[in-house]
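Residue-level structural notes
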Amino acid sequence: MPVRLEIRLFLTGCKRTLRLNRQILAFATLAALSTLAAAQVPPAPFTRFVVVLDAAHGGDDSGGRFKSGQSEKAFTLALNVRLRSLLAARGIAVVTTRESDAAVDPNRRAEIANHANAQACLSLHASETGGGIHLFASSLAPTSAVRFAAWKTAQAPWVTRSLALAGVLNSSLQHAGLAVTLDRTALPVVDSMTCPAIAVEVAPERIAGKQIKSALDDPAYQSRVASALAAALLEWRSEARQP
Ligand SMILES: [Zn+2]
């Protein structure tokens, strides 16, 4: 083959290769750009709705001792079981800080809760003082999110959400005919939690704040409290799902 022709063919070939390369490049750029665009689009909001139940006390720490002979640690564990099964029946994932009569350190409880990435954390208590349900949010001043919150004040950026959760719990409990008091307090477990967190203290149901209508060891009362708390958490889940 004459050299000139060979060169011309070679050059044409080069041009074609170049053209092809340019096409490939354009295609690759387009593909890369679409990947980039896909990466910039926030993923569909799929956060698993998880609730943490913290049955306060346990093991050596009995908590309060009631006139019936029952201890607070047994009451909180029983309420934990009732609530967990109600939530599980409605497809809500539940993480508990204890499942038996075991002593669990407050730091460990918060650690379990924080690891769960929960949308609601309830620390369960009981008391024979007062009546109805006492809801406690952390007394820490709300702060904007900080990257490294100190352990004991980890709840601060969550306080606003916790107060909103208290509001939802309050309306559900009142709807179930239960008296509710809202308060704020310093509780090590709640203060260390990085989730909307509320301490729920169950007291006997009283008539006009005096005579006991439903005692703490009344299964029907426990069931009403658990149902109202579960209804509140369902409401909280539907609110969380709204854009
Ligand atoms: Zn307690």
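Look a little higher up for the structure.
On a predicted model such as this, the values are computed, not experimentally measured, just so you know.

Moving on, we come to the overall build of the protein. A count of helical and extended segments in the protein gives six helices and eight strands. The order of helices and strands in the protein, counted from the N terminus, is α-β-α-β-α-β-β-α-β-α-β-β-β-α. Considering the protein as a whole, with its 243 residues, one finds that 40% of them fall into the buried category. Counted over contacts in the protein with a minimum sequence separation of 6, partners at least 24 positions apart contribute 76%. On the protein, roughly 13800 Å² of surface is accessible, and the fraction owed to carbon and sulfur atoms is 60%.

Scanning the entire structure with this criterion turns up one disulfide. The partner cysteine of Cys121 in its disulfide is Cys195, sulfur to sulfur 2.1 Å. Between Cys121 and Cys195 the sulfur-sulfur dihedral comes to about -125°; the bridge is accordingly left-handed. On the criterion of sequence distance, the pair formed by Cys121 in strand E3 (residues 120-126) and Cys195 in the loop between helix H5 (188-191) and strand E6 (197-202) is long-range, its members being 74 residues apart. One exposure class covers both Cys121 and Cys195, and it is buried.

Once that is clear, we can look at the nonpolar core. Of all hydrophobic cores here, the largest spans 36 residues; its most connected members are Leu122, Ile133, Ile198, Val200 and Val202. Those elements that place two or more of their residues in this core are strand E1 (50-55), helix H2 (72-89), E3, strand E4 (133-138), helix H4 (159-175), E6 and helix H6 (219-241). Examining the composition of this core, we find that nine residues originate from one element, H6, more than from any other. Residues in contact with Ile198, not counting those within four places in the same chain, are Cys121, Leu122, Ser123, Leu135, Phe136, Ala137, Ser162, Leu165, Ala166, Leu169 and Val190.

Attention now moves to the packing of H4 against H6. Closest axis-to-axis distance for the H4/H6 pair is 8 Å, and the angle between their directions is 130°. Of the possible angle classes, the one that applies to H4 and H6 is oblique. At the point where H4 passes H6, the crossing takes the right-handed sense. Taking contact as the criterion, the partners of Arg161, Ala164, Leu165, Val168, Leu169, Ser172 and Leu173 in H4 are, on H6, Val225, Ala228, Leu229, Ala231, Ala232, Leu233, Glu235, Trp236 and Glu239. For the contact of H4 with H6, a count of residues per class yields 12 nonpolar, one polar and three charged.

Next up on the list: the environment of Val50. Along the chain, Val50 falls in strand E1. Accessibility expressed as a relative area gives 3% for Val50, which makes it buried. C-alpha separation for the pair Val50 and Ala93, spaced 43 residues apart in sequence, amounts to 4.9 Å. With near-sequence residues (within four places) excluded, Val50 lies in contact with Ala93, Val95, Ala116, Ala118, Gln119 and Ala120.

Moving on, we get to the pattern of salt bridges. Close approach of charged atoms allows side chains of opposite charge to pair. Enumeration over the complete set of coordinates arrives at five salt bridges. Residues Arg84 and Glu99 are paired through a salt bridge, measuring 2.3 Å at the closest nitrogen-oxygen approach. Placement of Arg84 in helix H2 and of Glu99 in the loop between strand E2 (93-96) and helix H3 (106-116) is noted, with a sequence separation of 15 residues between them. Between Glu111 and Arg108 there is a salt bridge, and its shortest N-O distance comes to 2.7 Å. One end of the pair, Glu111, and the other, Arg108, are both in helix H3, three residues apart, so they sit about a helical turn from each other. By relative accessible area, Arg108 is classed as partly exposed at 42%.

How each quantity is defined
Residues numbered from 1 in each chain as written. Predicted model: local features only at pLDDT ≥ 70, side-chain atom pairs only at ≥ 80, totals over all residues. Heavy atoms only, no water. Helix = DSSP H or I, 4+ residues; strand = E, 2+ residues; numbered from the N terminus. Buried < 20%, exposed > 50% of the residue type's maximum accessible area, 1.4 Å probe, protein only. Contact = heavy atoms within 4.5 Å. Areas by Shrake-Rupley, 256 points an atom, 1.4 Å probe, with all protein chains shown as cover. Disulfide = S-S within 2.5 Å. Core = buried A, V, L, I, M, F, W, Y, C linked by side-chain atoms within 4.5 Å. Axes fitted to C-alpha atoms, helices over the stretch in contact; angles between N-to-C directions. Parallel < 35°, antiparallel > 145°, perpendicular 65-115°, else oblique. Left-handed = near helix turned anticlockwise from the far one by under 90°. Nonpolar A, V, L, I, M, F, W, Y, C, P; charged D, E, K, R; others polar. Salt bridge = Lys/Arg side-chain N within 4 Å of Asp/Glu carboxyl O.

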